[in-house]
Amino acid sequence: RDWIKNVVIFFPLIFSGKILEFQINDYRFFLLNILNFCLLTSIIYIFNDIKDKDDDSLNKYKKNRPIASGSLGTLNAYKVSLFLFILIIFNYLFFRLSFIEYYFLYFFNNIFYNFKIKRLDIVNSFSISLGFLVRLFFGSQLGAVPLEPWLVSLVFFGSFLLSLIKKLSDKIMKTNARKHFKLEKKFINFSIICMITIYLLHFYISLEFSFINQVISVLIFSTSLFIIKNNIKKINHSVDTIYILTADKRFIFLIVLWFSHYYFVRYL
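Residues numbered from 1 in each chain as written. Predicted model: local features only at pLDDT ≥ 70, side-chain atom pairs only at ≥ 80, totals over all residues. Heavy atoms only, no water.

A. Quick peek at the overall build of the protein. Of the regular secondary structure elements, the protein holds 12 helices and zero strands. For the protein, the α and β elements follow one another from N to C terminus as α-α-α-α-α-α-α-α-α-α-α-α. With the model as given, the accessible surface of the protein reaches about 15,100 Å², and the carbon-plus-sulfur share is 68%. (Helix = DSSP H or I, 4+ residues; strand = E, 2+ residues; numbered from the N terminus. Areas by Shrake-Rupley, 256 points an atom, 1.4 Å probe, with all protein chains shown as cover.)

Shown next as structure tokens:
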């Protein structure tokens, strides 16, 4: 399910409107590259679970993960990673895929995250956001689409906000009430900055719309953020970003509605 995060690779193609111009051969090349990148992300998630095995086994919401529960042994997990690594190399050479530098950027960012900055509050969220930017620039290169600054900023601050929420939920599980209050205040301050920035970016995106379409876009966008806010208040355990994004079907519906409106106004 963590492959869902790789949908960011499609963003440059989607938000530029070029997705309507792609040919079948273009899609074949594009999708093969994304599939291979997904295999790389799987290796990273396996490494993450191996490294966090002891902590996850003590967490009542994570203890049932394959490695934490012991249903998949650490040695077998390494074997799976090795198999995926060989498959990635084979696919890259056999299908003549491109832009391997983004594989290295993503891999080394995650290694640095796991062994150096994972325990550093706020800084670790920057590293996670960098991983999403690697996906975004990878998609830009694959689709031969230049990136607009607002899209880069939106992906960075959006992923940073989601990471802050996740890290705060992790901290809540491990700290007492007093420490929790101090942590929550720090995380919320950064979250507010992210939310304001995302709102400003949204207004920038909608500047070229008519007044009526601006109002519609703001209403849909604001309602989706309101739903996220209400769901965050209900979180009292460690979660992941996929949970945050998919827990409420109303939010998914509104995001699809907002995107459909954006696409109709700008490109159709």
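This is not the end of the story, as more comes after the structure.
B. Expanded view of the environment of Val265. Residue position: Val265 is located in helix α12 (residues 249–267). In this structure the C-alpha to C-alpha distance between Val265 and Gln214, which are 51 residues apart in sequence, comes to 10.0 Å.

C. Quick peek at the packing of aromatic side chains. Applying the stated criterion to the full structure yields 30 aromatic pairs. Measuring from ring centre to ring centre gives 6.1 Å for Tyr103 and Phe138, while their planes differ by 90°; the resulting arrangement is edge-to-face. Taken as a pair, Tyr103 in helix α6 (residues 101–117) and Phe138 in helix α7 (residues 123–143) lie far apart in primary sequence, 35 residues in all. Judged by relative accessible area, Phe138 falls into the buried class, the value being 0%. Residues Phe156 and Phe157 carry aromatic rings whose centres are separated by 5.3 Å and whose planes lie at 85° to one another, so their mutual orientation is edge-to-face. One aromatic cluster is present, formed by Phe11, Phe15, Trp150, Tyr199, Phe203, Phe209, Phe221, Trp258, Phe259, Tyr262, Tyr263 and Tyr267 through successive ring pairs. Between the NZ or CZ atom of Lys51 and the centre of the ring of Phe115, over which it lies, the distance is 5.4 Å. A cation over a ring is seen here: Arg135 above Phe132, with NZ or CZ 4.7 Å from the ring centre. (Phe/Tyr/Trp six-rings, centres within 6.5 Å; stacked < 30°, edge-to-face > 60°. Buried < 20%, exposed > 50% of the residue type's maximum accessible area, 1.4 Å probe, protein only. Lys NZ or Arg CZ within 6 Å of the ring centre and 35° of its normal.)

D. Structural detail: the side chain of Arg135. Structurally, Arg135 can be placed in helix α7. Buried charge without a salt bridge: Arg135, with Asp2 as the nearest opposite-charge side chain at an N-O distance of 7.4 Å. Every residue in contact with Arg135, bar those within four places of it in the chain, is listed here: Lys5, Asn6, Val8, Ile9, Phe37, Thr41, Tyr45 and Tyr106. (Lys, Arg positive; Asp, Glu negative; His and termini not counted. Salt bridge = Lys/Arg side-chain N within 4 Å of Asp/Glu carboxyl O. Contact = heavy atoms within 4.5 Å.)

E. Main features of the pattern of salt bridges. Applying the stated criterion to the full structure yields seven salt bridges. Residues joined in a network through salt bridges with shared partners are Asp49, Asp56 and Arg65.

F. Region of interest: the confidence of the model for the protein. A residue-level look at the protein finds 87% of positions with pLDDT of 70 or above and a mean pLDDT of 84. Mean pLDDT across the elements of the protein ranges from a minimum in helix α11 (residues 241–246), with 68, to a maximum in helix α5 (residues 74–94), with 95. (pLDDT = per-residue confidence, 0-100.)

G. Quick look at a nonpolar patch on the surface. The grouping of Leu82, Phe85, Ile86, Ile89 and Leu93 at the surface amounts to a nonpolar patch, some 510 Å² of accessible area in total. Among the structural elements, Leu93 can be located in helix α5. Residue classification places Leu93 among the exposed positions, given a relative accessible area of 61%. (Patch = residues over 30% accessible without salt bridge, like charges linked within 9 Å, V, L, I, M, F, W, Y side chains within 5 Å.)

H. Highlighting the packing of α6 against α7. Contact geometry for α6 and α7: axes closest at 10 Å, N-to-C directions at 175°. Taken together, α6 and α7 sit at an angle that is classed as roughly antiparallel. For the pair α6 and α7, contact is made by Tyr102, Tyr103, Leu105, Tyr106, Asn109, Tyr113 and Ile117 and by Val123, Asn124, Ser127, Ile128, Leu130, Gly131, Val134, Arg135, Phe137, Phe138 and Gln141, respectively. A per-class count over the contact of α6 with α7 returns 12 nonpolar, five polar and one charged. (Axes fitted to C-alpha atoms, helices over the stretch in contact; angles between N-to-C directions. Parallel < 35°, antiparallel > 145°, perpendicular 65-115°, else oblique. Nonpolar A, V, L, I, M, F, W, Y, C, P; charged D, E, K, R; others polar.)

I. Highlighting the environment of Gly131. In this structure, Gly131 sits in helix α7. Gly131 sits in the buried class, given a relative accessible area of 3%. Each C-alpha atom, one on Gly131 and one on Phe156, is 9.3 Å from the other, the two residues being 25 residues apart in sequence. Among all residues touching Gly131, those that are not within four sequence positions of it are Tyr106 and Asn109.

J. Representation of α5. Taking 1.5 Å of rise per residue, 21 residues should cover 30 Å, and α5 covers 30 Å from first to last C-alpha, within 8% of that figure. Of the positions making up α5, those classed as buried are Ala77, Ser81, Leu84, Ile88, Asn91 and Tyr92. End-on, the buried residues of α5 take up no more than an arc of 95°, which puts them together on one face. Looking at α5, the residues exposed on the side facing more than 90 degrees away from the buried face are Leu75, Leu82, Phe83, Ile86, Leu93 and Phe94. A positive phi of about 55° marks Arg96, the residue just after α5. (Expected span 1.5 Å × (residues − 1). Arc of directions from axis to C-beta.)

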